[in-house]
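# Structural description and commentary
What follows is each chain in one-letter form.
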Amino acid sequence: MTVELLAISPEAEKIIEQAGRTCYMSFERIGANSASEFIQRLIKMGHDSPLEHACATFRIKGCSRAMTHQLVRHRLMSVSQQSQRYVSEEQFSYVVPEKIPQQYLEDYHNDMRTIQAMYVKWQERGLKREDARFVLPNACCSEIVVTANFREWRHIIKLRASKKAQWEIRNFANTVLEILKEKAPACFSDLSPE
Ligand SMILES: Cc1cc2nc3c(=O)[nH]c(=O)nc-3n(C[C@H](O)[C@H](O)[C@H](O)COP(=O)(O)OP(=O)(O)OC[C@H]3O[C@@H](n4cnc5c(N)ncnc54)[C@H](O)[C@@H]3O)c2cc1C
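Anyway, here's the lowdown on the structure attached to this text.

How each quantity is defined
- Residues numbered from 1 in each chain as written.
- Predicted model: local features only at pLDDT ≥ 70, side-chain atom pairs only at ≥ 80, totals over all residues.
- Helix = DSSP H or I, 4+ residues; strand = E, 2+ residues; numbered from the N terminus.
- Rg over C-alpha atoms; globule rule 2.2 N^0.38 Å.
- Buried ≥ 20, exposed ≤ 12 C-beta atoms within 10 Å, placed from the backbone.
- Contact = placed C-beta atoms within 7 Å.
- Near = placed C-beta within 6 Å.
- Nonpolar A, V, L, I, M, F, W, Y, C, P; charged D, E, K, R; others polar.
- Core = buried A, V, L, I, M, F, W, Y, C linked by C-beta atoms within 7 Å.

## Remarks on the overall build of the chain
Across its full length, the chain holds eight helices and four strands. The C-alpha atoms of the chain give a radius of gyration of 21 Å, which is well past the 16 Å a tight globule of 194 residues would have. If you line up the chain on its principal axes, its C-alpha atoms span 70 × 35 × 20 Å. Counting only residues that meet the buried cut, the chain has 27% of its 194 residues in that class. Restricting the contact set of the chain to residue pairs at least 6 apart, pairs at least 24 apart contribute 75%.

## What to know about the site of the ligand
Lining the immediate environment of the ligand, one finds R73, H74, R75, L76, E152, H155, L159, K164 and A165. Here the residues of the shell around the ligand sort into three nonpolar, two polar and four charged.

## Side note on the nonpolar core
By size, the foremost hydrophobic cluster in this structure holds 32 residues, and its most contacted members are I39, W153, A173, V176, A184 and C187. Mapped onto this core, the elements with two or more residues apiece are α1 (12–24), α2 (34–45), β2 (55–64), α3 (65–71), β4 (141–149), α6 (150–160), α7 (167–183) and α8 (185–188). In terms of residue count, the dominant contributor to this core is α7 (six residues). Residues in contact with I39, not counting those within four places in the same chain, are E13, I16, E17, A186 and C187.

The following block contains the structure:
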């Protein structure tokens, strides 16, 4: 899986400080380094809504449909995903679960080849892609672009970087966290992978 940051609000922490200080009319306290401390205080208080003024967009490639199905449950996130109606899956790539024992790996690849043949077979029997895809596996790779504001990214990271989350979405959440920590440390530094 690759996770690429496509866009992030410029001067994200300054925008959040501007928005947050509106609540207190404390603009006179804005200085070269005031945003970081102010944002950390907002987060500690649970005054999270100013974090909604900054957004980040990621492109994810090579992840499974099993993973994207979990990801798109986050309703405050905007999504554009590769379609299985418009894009052929005849040569689909697939994710191999980390836990598959080495001695069964070839069997897994054989199963995927069988499914590829099934998909082609049903198209040859006249089914459109939108119906032939019914035989495709959760392992099938997908590409997806997702946008969320910082408050929602914090929420997603808390749920999905947790040990309780499934390994693939946890890898995704940890990568997003690493990137956002670098770009907006005041907004994400209090979070860490479990
Ligand atoms: C470890 C784990 C296991 C899971 N297992 C399952 C499972 O077995 N089956 C299953 O169906 N799902 C499962 N889920 C998905 C989970 O139930 C949520 O659908 C998903 O995590 C999205 O989170 P969310 O609803 O908090 O957040 P989002 O949709 O990202 O929304 C963010 C926040 O906005 C608020 N919000 C959004 N929409 C509403 C609304 N309509 N009403 C009130 N408040 C709202 C809530 O405060 C919410 O937390 C699992 C999630 C995790 C992390």
